[in-house]
Amino acid sequence: MARYKIVGGNRLSGEVTISGAKNAAVAILPATILVRGKCRIENVPDISDVRILLDILKDLGASVSREEGGVVEIDCTNVTSTHPNPELVRKMRASYYLMGSLLSRFGKANVALPGGCNFASRPIDQHIKGFMALGASVEETEDYVNLTEGPMGLHGNRVSLDVVSVGATMNIIMAACLLPGRTIIENAAKEPHIVDLANFLNTMGANISGAGTDTVKIRGVESLRGGTYAIIPDQIEAGTYMAAVAAAGGNVLVRNVIPKHMDCITSKLSEMGVQIFNYDDSIRVISEGRLRCATVKTRPYPGFPTDMQAQICVCMTIASGLSKLTESVYETRFFGYCSELANMGADISISGKTANVNGRKKLHGAMVCARDLRAGAALVIAGLAAEGTTYVGNIGYVERGYERIVEKLTALGADIQRIED
Ligand code: EPU
């Protein structure tokens, strides 16, 4: 087991380069199953979720090679299996995208239920509803989802999602790609990674329009060919470094970002007193003096992302005044980290969907434990901002989604080490 040891109190300065977006990469890699030919994908983050997916693809018969600098080449032409290794599938959440891509290419898929961060109940009923609308027969057991072609065959159709779901939107896009006819997804999610998946698939020959709006249209094509595609920068990784600067203080240029994707985060940090300057593909973040309290409500994109809830909460714990943080996507997400922050001196009381955060002047170091990816990132930020030494355990969660986090923070002047126990 490894831990991070963080000696807090250093201001952050210099430059940090953001990696490719995790939640785009974990959809685009399974989407290569739809392609007959070689996909050269650039800006792929080197994180454990990506490594697991590459292992799953190799195991299915894909040829996979990885070069330095985040380039991955995948050729799924010779894939024949529709039963991905269940042990690997259960190690992460986004393995559910194998259902949509295998169904579209082979007309069947037998995929174990996914694992991953367990901060809330995370049903996949909307994915299943979509597959059924496209003509699939679905058999669900306790551990597996078995998809086959239904009696009317697989075909495009209209699917209206009951909840705005990132995963269901992307899975249905993939499933519809190679089916005859037109699919229309209504009440679709609009996150940047959905646009990125659609752009990837269109580059390979798909016909998808409307991604990034609440209505996505997919006209099925016969086949996709290989090509080259670069994944967008990670909105949440960038937001995490911005929150780290806000909390620890400092002056940092965050490079390789799409500032537009950061608007919802930028405006909240500005309200809290952080100075932010947007350039073409970078953002300067300057934090001096004490932060101010704020009111934040998480929402699907373009709202404030639930994946930034924990990191902004840390900023609130040391801001002056009473902040209110309301979660509207995953109600139970607070429980992954608020008690750990309390061990560091934070004053947080949770009432239903809202955390009331009474800002203290300082947090203090403590032994804390990550319970999911973003909770872990928040504890790292808290450690950087706290007085004294913090040990963050269970860092496997953090390394699911943050590439070289220790190296990147060290380069900014943080005192953080990865310790093998
Ligand atoms: N939901 C349903 N039924 C479904 C699907 C979702 O009721 O079939 C509900 C969920 O319970 C939740 C809401 O809809 O209340 C939104 O869930 P969504 O499907 O959008 O979440 P997801 O696709 O499972 C992705 C990200 C999460 C991120 C959420 C919300 C990936 C692999 N994961 O999850 O990222 O929190 O969207 O933006 O893309 C993370 O990166 O740390 C992370 C957890």
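Preceding this section is the structure that the text describes.
Rules behind the numbers
The residue numbering used here restarts from 1 in each chain and proceeds along that chain's sequence as written. Restriction of local features to residues with pLDDT of at least 70 applies here, the model being predicted, together with a cutoff of 80 or more for giving and counting side-chain atom pairs; totals for whole chains, interfaces and linings are based on all residues. Excluding hydrogens and water, the side-chain values take into account all heavy atoms of the structure. In this analysis a 1.4 Å probe is tested at points of a 1 Å grid over the protein atoms alone, and where it fits but cannot get out there is a cavity; an open set with protein on both sides within 12 Å along at least five of seven lines is a pocket; lining residues have an atom within 4 Å of a point. Grid points are joined across faces, edges and corners, and a volume is the space filled by probe spheres set on the points. A helix here means a DSSP run of H or I that spans at least four residues, while a strand means a run of E at least two residues long, and both kinds are numbered starting from the N terminus. In this count, Pro and Cys sit with the nonpolar residues alongside Ala, Val, Leu, Ile, Met, Phe, Trp and Tyr, while Asp, Glu, Lys and Arg are called charged and the others, Gly among them, polar. Each domain's limits were defined by an automated method or a database of domain assignments. Here, nonpolar core means buried Ala, Val, Leu, Ile, Met, Phe, Trp, Tyr and Cys residues that are tied together by side-chain atoms lying within 4.5 Å of each other. Burial classes: relative accessible area under 20% of the type maximum marks a residue as buried, over 50% as exposed, and values in between as partly exposed (1.4 Å probe, protein chains only). Note on contacts: a residue pair is in contact if any heavy atoms of the two residues lie within 4.5 Å.

Caption draft 1: Representation of the layout of surface pockets within the structure. Estimated volume of the largest pocket: approximately 1,100 Å³. Looking at the largest pocket, it is lined by 46 residues, and the ones nearest its centre are Arg122, Val166, Gly167, Val329 and Tyr330. Where the lining of the largest pocket is concerned, the elements lending two or more residues are helix 1 (22-31), helix 5 (125-133), helix 6 (166-176), helix 8 (235-248) and helix 12 (373-385). Of the residues in the lining of the largest pocket, the class split is 22 nonpolar, 12 polar and 12 charged. When residues of the lining of the largest pocket are assigned to domains, at least three map to each of domain 1 (2-19 + 233-420) and domain 2 (22-230).

Caption draft 2: Fine view of the nonpolar core. Of all hydrophobic cores here, the largest spans 80 residues; its most connected members are Ile74, Phe200 and Leu201. Dropping the residues within four chain positions of it, Phe200 is found in contact with Ile28, Ala31, Thr32, Val35, Cys39, Ile41 and Tyr229. Formed by 79 residues, the second largest nonpolar core is a distinct cluster that contains Leu269, Ala310, Cys338 and Ile405.

Caption draft 3: Summary view of helix 4 (residues 97-106). A large share of helix 4 lies buried, amounting to 9 of its 10 residues. In the stretch just after helix 4, Gly107 is the one whose phi turns positive, near 75°.

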